Amino acid sequence: MSADSTPDAAPAVPGKATAAPAVPGESNTGRKHRRAKTPHAMHVRYRDDLRLFPNRLRRSALAALILTWAFIPVFWDVPPFTLLSGNGISLNTLAYAGVFSIAAIGLNLLTGYTGQVSLGHSVFLAVGAYSTAYAGSVWGWPMWLWIFFAPALGWLVGAAIGPFALRLRGNYLVIVTLGLVFIGEHIFRNWRSVTGGNTGTSAAGVELDLGFVDFENLSLFGKAFGKDESYFWLIWLVVAVVAWLTKNVVRTRPGRALQAVRDQDIAAEIIGIDVGVTGYKTQAFAWSAAIAALAGALYAPLQLFISPGDFTLLVSIQFIAMIILGGMGTIYGSIIGALVITALPRLIDGISADYGVPGVAAKSTDSGLVSVASLNVIIYGFLIALFLLVEHRGLAGIWVRIRNYFSTWPFSY
Amino acid sequence: MTTFWQATFDGVALGSLYALIVLGFVVIYRATGIINFAQGGALLLGAYITYNVSTSWGWNYHVGIVLSVLVCAGFNVLLQRAMLQRVFREVVGISAGLLGWATLFYNGTTHLVGLSGGVAIGLLGWFATARIEARYGDKGPSELPLFGAIMVTIGVLFIVKQVVASIWGFAELSVDDPWELSTSRVGGLVLQHSKLAAIAMAVLALGVFFLVDRYSRIGVAMRATHFDHEAAIAQGISTKIVFATAFAVAGGAAALAGTAATAGPELITPNLDFVVFLAFPAMILGGLDSPAGAVAGGLLVGWIQNLVKTYVATTPEWFPIEDLDWLGAGFERVAIFVVMIIVLMVRPYGLLGTEEVRRV
């Protein structure tokens, strides 16, 4: 964003150019002009700031990352990955992380970009999961239908909750969304014909067949893949699509409107941003809920059996932990946060089962200071508190600082 | 009519419990603008300390109450030091000490070695953190993101709950209290002595609080800080002391609530912190920044909860729908949230809360 690397402003440091001894191998004339023309980490114009890929380096890095990620199921049993797969993290874990990434992106759209806190996202996840289980198993709907039905239902529920945010703000809204979790859980426990009550309902009958590709018996290039691999690809494909769509929303006009609402909603209203009943706040709620419900739709066939215990307040808090740890107001931060928060418990489980951490009881029959389950929750709590108190921009904030340090290296700013 | 009055009595008992919990929230919110979810942790800690002193050690129950109030007040002050003033040396020192003591004790050392080792490790942690803070810390209060403080307190709640569960286990425990299952009968009503004691405890604690808040120096300082933070500082009020006092009062109130919630026939488990979530409607209903609202909201919510519970179980004759079983078990807990949402739609700042004036 610094303007002094434009071609016109480039020789604007004459004092330095004459006084400082020339760096060996670098002439002071002409070179700066040439470097400034190439796409660079410096953002020169507003247009650069808004681009999806600011420069070629980041575009190729992202492509490489996506390519590596896509081949993970194939190479899962090959060394560097065995470090993970040998320690309790399976492809299944990564599939769960994908589902939670989708929900976290949804929550980040609402909380990170629009500034509306929701402790109720487990309810939206549940709406998606239960509706998929019911539509897929009982009605026998095909995949292309339920994968749109669940978000649509989630959208409606979100749109019904959204108007509360117009009347309430801050802490009051937090408590109302907290109430939503209790009301939702009560409904899931008591609407037995649809949700199966306390015991839950099976999603085993949900079809995962899109016609041209069947995710239950996936075969690519003549090679048949198992359930874990195909779920991994299915879910992370949806993550990629959702991340791309959401990124495009937040970097364009509606996204800037949302951020204006977050920063100062009265001022946003004054400059003409619609925050009425059908305005940006309500829509943010609706779309965020729709994304979370889409995550729920994929959660049901992955989990196979869903019960009210899967959608408690703790799940909502985990989503918030994900976006805080990853970074609020960033899309990739949601994904990083979801990966860390989902993988960490399994990693602790795996390590304490294999090697035995002193004082940690891996099984309930072992004696120890704390059980693994307790330790996991303690680490959650500790991470949330630590990140908020020490680096509240999360892992994304740390990454941005490292990147900026090297992009302007050796100058500190 | 007996049903109604019985429900009302039980409601008032539950309501005074809520009032105590909500008082803790309100006092902290009024001073600092934070909703402290870790009150649930303080409540849990208070209940278990009373249990430990009175039942495990077999000391006097009232000594247990006093000790739990003191420990919870201390716990909250430490939380406040770490969260608001970003001074971590006490927290790190005490946790390191407790952890060291527990580790030594777990490995089968004697009490003397375990305790002295714990103290040594704690002091080490304290000094090390103090050195680190002196060098790198104190960059002034940095801006937490929205609801950041709430999330910190939720994190603390998680930690405390699991630590409590690790120490005392997940099993249901019964506290040796003076009331046990004794009851009195007054004109058809069954009055549980433990509930009467809970009401008395709440009345006493709230009465002392209101007197202190109204007439003492620190009470006036707390209200002044709420009214205008900077003006209070300009008048020579130490906001550090005000914040610490507010958190200490809240910790004590939470300890009393925890003790009251586990007296009589009630059992104690690490899931007791759930009662704090049920107190949220009371807090919102009364208004976040009004101690009087805490009492009003607490009593109202406790009363409504018990009325709903009673009348859903046995539907009155005048009610058009005969059978309400389809509402499901535990509907009264949902009902209070529904009431809360309805009230908030009419008065977005609660019944007695201050309407917030928003400026651009």
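Residues numbered from 1 in each chain as written. Chains lettered and ligands numbered in written order. Predicted model: local features only at pLDDT ≥ 70, side-chain atom pairs only at ≥ 80, totals over all residues. Heavy atoms only, no water.

Asks: If you had to explain the overall build of chain B to someone new, which residues and values would you point to?
Replies: The secondary structure content of chain B amounts to 13 helices and two strands. The C-alpha atoms of chain B give a radius of gyration of 22 Å, which matches the 21 Å a tight globule of 360 residues would have. Buried residues in chain B amount to 51% of all 360 residues. For chain B, the proportion of contacts with a sequence separation of at least 24, taken over those separated by at least 6, is 76%. (Helix = DSSP H or I, 4+ residues; strand = E, 2+ residues; numbered from the N terminus. Rg over C-alpha atoms; globule rule 2.2 N^0.38 Å. Buried < 20%, exposed > 50% of the residue type's maximum accessible area, 1.4 Å probe, protein only. Contact = heavy atoms within 4.5 Å.)

Asks: Tell me about the overall build of chain A, and please be specific about residues and values.
Replies: Regarding its fold elements, chain A presents 19 helices and six strands. Taken over 413 residues, chain A has a buried fraction of 48%. Intrachain contacts of chain A at a sequence separation of at least 6 include 72% that bridge at least 24 residues. By element, 66% of the accessible surface of chain A is carried by carbon and sulfur atoms, the whole surface being about 20000 Å². (Areas by Shrake-Rupley, 256 points an atom, 1.4 Å probe, with all protein chains shown as cover.)

Asks: Would you mind going over the nonpolar core in detail, with residue names and values included?
Replies: Ranked by internal contacts, the top residues of the largest apolar core, which has 189 residues, are A:Phe100, B:Ile21, B:Ile35, B:Phe280 and B:Met283. When residues of this core are assigned to their parent elements, the largest contribution, 15 residues, is made by helix α6 (residues 91-113) of chain A. If near-sequence neighbours (up to four positions away) are discounted, B:Phe280 is found in contact with A:Ile175, A:Leu178, B:Phe25, B:Ile35, B:Phe37 and B:Met340. Counting six residues, the second largest nonpolar core, distinct from the first, contains B:Val312, B:Leu324, B:Leu327 and B:Ala335. (Core = buried A, V, L, I, M, F, W, Y, C linked by side-chain atoms within 4.5 Å.)

Asks: An account of the pattern of salt bridges is needed here, citing residue identities and associated values.
Replies: Residues and elements named next belong to chain A. Evaluated as defined, the whole model comprises seven salt bridges over all chains. The salt bridge partner of aspartate 265 is lysine 281, with a shortest N-O separation of 3.2 Å. Linking aspartate 265 in helix α14 (residues 265-270) with lysine 281 in helix α15 (residues 280-303), this pair joins segments that are 16 residues apart in sequence. Pair check on accessibility: aspartate 265 and lysine 281 agree, each one buried. (Salt bridge = Lys/Arg side-chain N within 4 Å of Asp/Glu carboxyl O.)

Asks: Explain helix α16 (residues 313-326) of chain A residue by residue, including any values.
Replies: Residues and elements named next belong to chain A. Spanning 14 residues, α16 covers 20 Å between terminal C-alpha atoms, matching the ideal 20 Å at 1.5 Å per step. The buried count for α16 comes to 13 of 14 residues, which makes it a mostly enclosed element. Backbone geometry just after α16 places glycine 327 at a positive phi near 135°. (Expected span 1.5 Å × (residues − 1).)

Asks: How would you sum up the side chain of B:Thr310? Please name residues and give values.
Replies: Of note, B:Thr310 is situated in helix α12 (residues 291-313). Residues contacting B:Thr310, with those up to four places away along its chain left out, are B:Thr3 and B:Ala7.

Asks: Go over the pairing of strand β2 (residues 189-192) of chain B, please, and point to the residues and values.
Replies: Look at any regular strand and the pattern is simple: side chains alternate between the two faces of the sheet. Residues and elements named next belong to chain B. A one-sided burial pattern is seen for β2, the buried positions being Leu189 and Leu191 and the unburied ones Val190 and Gln192. Where strand β1 (residues 183-186) lies against β2, four bridges are found, and the strand directions are antiparallel. When the sheet's bridge partners are listed, threonine 183 is paired in β2 with glutamine 192. Connecting β1 to the next strand, β2, in antiparallel fashion are two residues, including glycine 187 with a positive phi near 50°. (Pairing = 2+ DSSP bridges.)

Asks: Kindly report on the interface of chain A and chain B, identifying the contributing residues and their values.
Replies: Every contact between the two is made by 45 residues of chain A and, on the other side, 54 residues of chain B. In total, chain A and chain B occlude about 4400 Å² of area from one another, counting both sides; carbon and sulfur atoms represent 78% of this. Joining chain A to chain B, the criterion identifies zero salt bridges. Counting across the chain A and chain B interface gives four residue pairs in polar contact (both at pLDDT 80 or more). (Buried area = accessible area lost by both parts, 1.4 Å probe. Polar contact = N/O pair within 3.5 Å; in protein donor to acceptor, adjacent residues only side chain to side chain.)

Asks: Please provide a residue-by-residue account of the packing of helix α10 (residues 171-190) of chain A against helix α11 (residues 274-286) of chain B, values included.
Replies: As a packed pair, α10(A) and α11(B) sit with axes 11 Å apart at the nearest point and diverge in direction by 130°. In terms of their interaxial angle, α10(A) and α11(B) are classed as oblique. The two elements α10(A) and α11(B) meet at a crossing, and its hand is left-handed. On the side of α10(A), the interface is formed by A:Tyr172, A:Ile175, A:Leu178 and A:Phe182, while α11(B) contributes B:Phe274, B:Phe277, B:Phe280, B:Met283 and B:Ile284. Its residues assigned to classes, the contact of α10(A) with α11(B) comprises nine nonpolar, no polar and no charged. (Axes fitted to C-alpha atoms, helices over the stretch in contact; angles between N-to-C directions. Parallel < 35°, antiparallel > 145°, perpendicular 65-115°, else oblique. Left-handed = near helix turned anticlockwise from the far one by under 90°. Nonpolar A, V, L, I, M, F, W, Y, C, P; charged D, E, K, R; others polar.)

Asks: An account of the environment of B:Leu196 is requested, with residue identities and associated values reported.
Replies: Residues and elements named next belong to chain B. Tracing the sequence through the fold places leucine 196 in helix α7 (residues 193-215). A relative accessible area of 34% places leucine 196 in the partly exposed class. The spacing of leucine 196 and threonine 225 is 29 residues in sequence and 35 Å in space, taken between C-alpha atoms. Apart from the residues within four sequence positions on either side, leucine 196 is in contact with Phe9 and Leu191.

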